[in-house]
Amino acid sequence: MADATTQGKGEAGASASNQISGGVFFQAVIQGRDITLYLPPQVTPALSGLPPASTAFTGRDRQVEELLAMLTPSEESPQPVLVAAVAGLAGVGKTELVVQAATRALKQPGSFPGGVLFIDMFGYDSARQMSPERALRDLLRALGISGEVIPAELQGRSRLYRSVLATYAEQNRRILVIIDNVSSAEQARPLLPTDGATRVLLTSRHTLDLGARLHDLDILSEHASVELLRHVLLQARGPADTRIEDSPEDAATIARLCGELPLALRIAAALLADTPTRSLASLVQALRHTRLDRLRREDQAVRAAFDLSYQRLSNDHARLFRLLSLYQGPEPSTESAAHLADTDHVHAEEVLQDLARAHLIEPGHTWGRWRLHDLVRLYASELGHQHADADHRTAAQLRLHQHFVRTARAARSAMAIEPRTPLRERRSPDFRSFGEAEEWFADECSNLLSLITADPEHSRTPTAAWIAAFLAPYLRFQYRHADLLKVSSTIQNLAHERSIPPLLSGVTLLMISYEMDRIDLTVEAVDLLLDSVGFLCEGGRRNLEVIAIEEIKHHLLKIIRRWVLPEEQALKLDWLTLTHAHVVDPEHKESSSRCWCRQCWLQYIAVARR
């Protein structure tokens, strides 16, 4: 049996003592029968160490209310959430959100009379990363526990820390604990209270398995982003600075170029605040080029924030992350990612889920789809070109495009397209029904459109041509006429620029013209066919050239009945009859059927022009 009393001074000089009686001593470890923990009589200054809440805070009212509801039981939710974990992309404003919520919570009478403990774990900074042992030491000192009685090992510190928090709660001095910038569950778990009363707000770039209520924080809306710019300028320069109000369009453009990411927006606003005479238009111009280089100021930089997350990736994860930037559309699928990485679907899905847990990518609108923030995509592309595997990006892009062409062709064949198109082929077994094929096109449509209309420098134009031909029927079925017109115009321009081989140009324009005519864009269809004839002739495919000319004849008669032929097309038709002898019947035919001799051609053209 033994008696022991330990005494020490808290951080503010307040006495703290622990009295244990009726126990057995095991060196520094005591097994006690009766243990009384005496806390400092006054809350120490460290329990008011919450960082100041920014006055330039906007667009997060709903998220703040959600956190407050988690912290405070109500009639609707009598069981409070003990730990709320806020996760999100670097720079999205996780710390600011929990500081704002904590500030409001502390103002509510009786919520946290013991104050707040705040600790930054620097989880993603290898030079400053806080170990759980060190964090517990600092937290215990902030709680007023003397250094002499703080155990040396992790388990002992965690037990003492939890006991102190529990005692505070029992004495109606409950504390709110904020654990900021955690990189792993192992780093945070020893710091979580177990008394059932102490509340915790935790932030991380990762979605951690801690038994916490998960809260994923997304970017701001465009409106809130502009408001954040305005608030930061107002805070820095006062109400006389009206640049945001004076140039709303430029302000909205800056918000978009910053990707609505709070860190980027605050840097952009600070750059404007540095020079009151700088126009928003000049910043827009600067951000249109080398955005990641421009979005930095003093010790803040978007690229540096992303670096801390990227450096924690394994080689396999980093490689796929870099390759995802090759995807032109907004939401790559797991299947597409597998083709980029040249791996199987299961492995690609596992890697993508890990990247999503790290919030370097985000889940898309449906399962199996993934999103990259605009600035993250730029960052990944930059890394891809700098990395040693830059030469392999071409091979990865080729695999992706071949996948798109193969699957789009199979999907088109399953949609029961009329057999008179030049591509007559059997239905693919890859799609069991029209609905499955239509669903695939619906899921990939935005990505396919992006690939077709991408800058030729970043796209394979023959791939764009084939995909345009296969996608056109789906666009017609879905009444997406504006997209169909955009696709046809893009392919027509690429064909004239000789970015696509002549034969492929001719076939693609011919196939798209079918869909244009079926939605009564017959005049536009004729324009495509006139170009198609020339390319098919150049490509040596006389049989397809004849099909295109027959279509022109059919459309011309249709235009006579319903529309007016533009002068430019009339001249092209006239030239067609002169340069393609097989178009013109050698002699005029007096019969019930239509004659297409030179004289009749000119007559049809003249009537259509009226």
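Attention here is on the structure that accompanies the text. (Residues numbered from 1 in each chain as written. Predicted model: local features only at pLDDT ≥ 70, side-chain atom pairs only at ≥ 80, totals over all residues. Heavy atoms only, no water.)

All right, on to the overall build of the chain then. Summing up its helical and strand segments, the chain has 25 helices and 13 strands in all. A fraction of 67% describes how many contacts in the chain between residues 6 or more apart in sequence connect residues 24 or more apart. Approximately 28,500 Å² of the chain is accessible, and the part contributed by carbon and sulfur atoms is 49%. (Helix = DSSP H or I, 4+ residues; strand = E, 2+ residues; numbered from the N terminus. Contact = heavy atoms within 4.5 Å. Areas by Shrake-Rupley, 256 points an atom, 1.4 Å probe, with all protein chains shown as cover.)

To continue, consider the layout of surface pockets. Put simply, the largest pocket is a space of about 1,200 Å³. What lines the largest pocket is a set of 39 residues, and nearest its centre among them are Gly91, Gly93, Thr95, Leu263 and Gln300. Elements supplying a minimum of two residues to the lining of the largest pocket: α2 (94–107), β6 (115–120), β7 (175–182), α6 (222–237), α9 (262–274), β11 (300–301) and α12 (302–310). (1 Å grid on protein atoms, 1.4 Å probe; cavity = no way out; pocket = protein on both sides within 12 Å on 5 of 7 lines; lining within 4 Å. Points joined across faces, edges and corners; volume = space filled by probe spheres on them.)

Read across the sheet, 5 strands follow the order β6-β7-β8-β5-β9 without closing on themselves; strand pairing throughout is parallel. Only two strands of the sheet have a single partner each, and these edge strands are β6 and β9 (213–216). Averaged over all neighbouring strand pairs, the angle between strand axes comes to 15°, with direction disregarded. The pairing of strand β5 (residues 83–87) with β9 spans 4 bridges and is parallel. (Pairing = 2+ DSSP bridges. Axes fitted to C-alpha atoms, helices over the stretch in contact; angles between N-to-C directions.)

Our next topic: the nonpolar core. Counting 125 residues, the largest nonpolar core has Ile254, Phe321 and Ile491 as the members making the most contacts within it. Once residues within four sequence positions are removed from consideration, Ile254 is found in contact with Leu229, Ala268, Leu272, Leu280, Leu283, Val284 and Leu287. (Core = buried A, V, L, I, M, F, W, Y, C linked by side-chain atoms within 4.5 Å. Buried < 20%, exposed > 50% of the residue type's maximum accessible area, 1.4 Å probe, protein only.)

Within the secondary structure, Lys589 sits in the loop between α24 (567–579) and α25 (598–609). On a C-alpha basis, the gap between Lys589 and Cys600 in space is 9.6 Å, while along the polypeptide they are 11 residues apart.

Ring pairs (aromatic) are described by centroid distance and by the angle formed between their planes. Per the counting criterion, the structure on display carries 13 aromatic pairs. With centroids separated by 5.6 Å and ring planes inclined at 70°, the aromatic side chains of Trp367 and Trp370 adopt a geometry described as edge-to-face. Residue classification places Trp367 among the exposed residues on the basis of a relative accessible area of 60%. A relative accessible area of 2% places Trp370 in the buried class. Directly above the ring of Tyr124 sits Arg205, whose terminal nitrogen or CZ lies 4.9 Å from the centroid. One Lys or Arg, Arg476, reaches over the ring of Phe477 and ends 4.7 Å from the middle of that ring. (Phe/Tyr/Trp six-rings, centres within 6.5 Å; stacked < 30°, edge-to-face > 60°. Lys NZ or Arg CZ within 6 Å of the ring centre and 35° of its normal.)

Here His317 is to be found in helix α13 (residues 315–323). Overall, His317 belongs to the buried group, its relative accessible area being 16%. Within the structure, His317 has its side chain in polar contact with the side chain of Ser314 (distance 2.6 Å). When near neighbours in sequence (up to four residues on either side) are disregarded, His317 contacts Val351, Asp354 and Leu355. (Polar contact = N/O pair within 3.5 Å; in protein donor to acceptor, adjacent residues only side chain to side chain.)

Right, let's get into empty space enclosed by the protein. Using the criterion set out here, one finds 2 cavities of 30 Å³ or more in the structure. Its boundaries defined by the atoms lining it, the second largest cavity holds a volume of some 30 Å³. Every residue along the wall of the second largest cavity is listed here: Leu326, Tyr327, Gln328, Gly329, Leu400, Phe404, Asn447 and Leu451. Taken together, the residues of the lining of the second largest cavity sort by class into 5 nonpolar, 3 polar and no charged. (Nonpolar A, V, L, I, M, F, W, Y, C, P; charged D, E, K, R; others polar.)

It is worth spelling out helix α15 (residues 345–357) at this point. Taking 1.5 Å of rise per residue, 13 residues should cover 18 Å, and α15 covers 18 Å from first to last C-alpha, within 8% of that figure. Along α15, the residues classified as buried are Ala348, Val351, Leu352, Leu355 and Ala356. Projected down its long axis, α15 carries its buried residues within an arc of 140°, all on one side. Lining the buried residues of α15 we find α13, α14 (334–341), β12 (362–363) and β13 (370–371). Two or three places before Val346, at the opening of α15, Asp344 has a side-chain oxygen 3.1 Å from that residue's backbone nitrogen. (Expected span 1.5 Å × (residues − 1). Arc of directions from axis to C-beta.)

The next point concerns the packing of α13 against α14. The description of two packed helices rests on the angle between their axes and on the distance between the axes. The interhelical angle for the contact between α13 and α14, taken along N-to-C directions, is 110°, at an axis separation of 10 Å. Looking at the two axes, α13 sits roughly perpendicular to α14. Taken together, the residues of α14 that come into contact with α13 (itself represented by Arg319, Leu320 and Leu323) are Ala337, Leu340 and Ala341. Its residues assigned to classes, the contact of α13 with α14 comprises 5 nonpolar, no polar and 1 charged. (Parallel < 35°, antiparallel > 145°, perpendicular 65-115°, else oblique.)

Attention shifts here to the environment of Leu398. As for its position among the elements, Leu398 is in helix α17 (residues 392–413). Placed 58 residues apart in sequence, Leu398 and Leu340 show a C-alpha to C-alpha distance of 8.5 Å.

Contact geometry for helix α18 (residues 434–453) and helix α20 (residues 481–496): axes closest at 10 Å, N-to-C directions at 30°. When the axis of α18 is compared with that of α20, the two are roughly parallel. The hand of the α18/α20 crossing is left-handed. Where α18 abuts α20, its residues Leu449, Ile452 and Thr453 lie against Asp483, Lys486, Val487, Thr490 and Ile491. Residue composition of the contact of α18 with α20, by class: 4 nonpolar, 2 polar and 2 charged. (Left-handed = near helix turned anticlockwise from the far one by under 90°.)

Right, let's talk about the side chain of His403 for a bit. Structurally, His403 is set in helix α17. Owing to a relative accessible area of 1%, His403 belongs among the buried residues under this scheme. Discounting chain neighbours no more than four positions away, the residues touching His403 are Glu335, Ser336 and His339.

Before going further, it helps to spend a moment on the pattern of salt bridges. Overall, the coordinates contain 26 salt bridges when judged by the stated rule. Between Glu515 and Arg518 there is a salt bridge; the shortest N-O distance is 3.8 Å. Here Arg518 and Glu515 lie together in helix α21 (residues 502–518), a separation of 3 residues that amounts to about one turn. You can call Glu515 buried: its relative accessible area is 1%. Residues Lys553 and Glu550 are paired through a salt bridge, measuring 3.3 Å at the closest nitrogen-oxygen approach. In this pair, Lys553 and Glu550 both sit in helix α23 (residues 542–562), 3 residues apart, roughly one turn of the helix. Owing to a relative accessible area of 42%, Glu550 belongs among the partly exposed residues under this scheme. Look at the salt bridges and you will find they share partners, linking Asp517, Asp520, Lys558 and Arg562 into a network. (Salt bridge = Lys/Arg side-chain N within 4 Å of Asp/Glu carboxyl O.)

In this structure, His385 sits in helix α16 (residues 374–386). A relative accessible area of 56% means that His385 is categorised as exposed. Of note is the side chain of His385, whose polar atom sits 2.8 Å from the backbone oxygen of Ser381.

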